Amino acid sequence: MGKSSVTTDEIINLCPELFKHCSGSWVGPGWNTILAILVLEIREYLSQPQWKNVEKPYITDIKEKWGQLCIYMSCTTDHIDELINNAELKSKVICEMCG
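Residues numbered from 1 in each chain as written. Predicted model: local features only at pLDDT ≥ 70, side-chain atom pairs only at ≥ 80, totals over all residues. Heavy atoms only, no water.

A. Representation of helix α3 (residues 78-91). Taking 1.5 Å per residue as the helical rise, α3 with its 14 residues ought to reach 20 Å, and the 20 Å between its terminal C-alpha atoms agrees with that figure. Among all positions in α3, only Ile 80, Leu 83, Ile 84, Ala 87, Glu 88 and Ser 91 are buried. Buried residues in α3, looked at end-on, bunch into an arc of 130°, giving them a common side. Lining the buried residues of α3 we find α2 (32-46) and β2 (68-73). (Helix = DSSP H or I, 4+ residues; strand = E, 2+ residues; numbered from the N terminus. Expected span 1.5 Å × (residues − 1). Buried < 20%, exposed > 50% of the residue type's maximum accessible area, 1.4 Å probe, protein only. Arc of directions from axis to C-beta. Contact = heavy atoms within 4.5 Å.)

Structure (structure tokens):
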């Protein structure tokens, strides 16, 4: 996969409302591509009509735990859980620092 050229600021700018309360120390740049893809997937899911007039989930923390990416949300759905789980599984075989 290689080291990502996507920066933390660019990831946040993909969907700023997802990061309104994110207090994480973040992770190394090797996982930025995984995070960017995840954010785009969650953004697409939250753009569906059922989310129009309700409070949307947001990311509360992003960190490394036990050698893999760990993402916490304010609340979640089965679909968001699946997206996060896939991202976390990918991170197990990709170096956090160099991708």
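That covers the picture; the talk isn't over yet.
B. Highlighting the nonpolar core. Leu 18, Phe 19, Leu 35, Ile 62 and Leu 69 are the most contacted members of the largest nonpolar core, which totals 26 residues. The element contributing the most residues to this core is α2, with eight residues. (Core = buried A, V, L, I, M, F, W, Y, C linked by side-chain atoms within 4.5 Å.)

C. Local environment of the pattern of salt bridges. A full pass over the atoms with the stated rule returns two salt bridges. Lys 20 serves as the salt-bridge partner of Glu 55, at 3.6 Å between the closest nitrogen and oxygen. Taken together, the positions of Glu 55 in the loop between α2 and β1 (59-65) and Lys 20 in the loop between α1 (8-14) and α2 put the pair 35 residues apart, joining distant regions of the chain. Glu 55 gets classed as exposed once you look at its relative accessible area, which sits at 59%. Between Asp 61 and Lys 63 there is a salt bridge, with the nearest N and O atoms lying 4.0 Å from each other. Its relative accessible area of 17% is what places Asp 61 among the buried residues. (Salt bridge = Lys/Arg side-chain N within 4 Å of Asp/Glu carboxyl O.)

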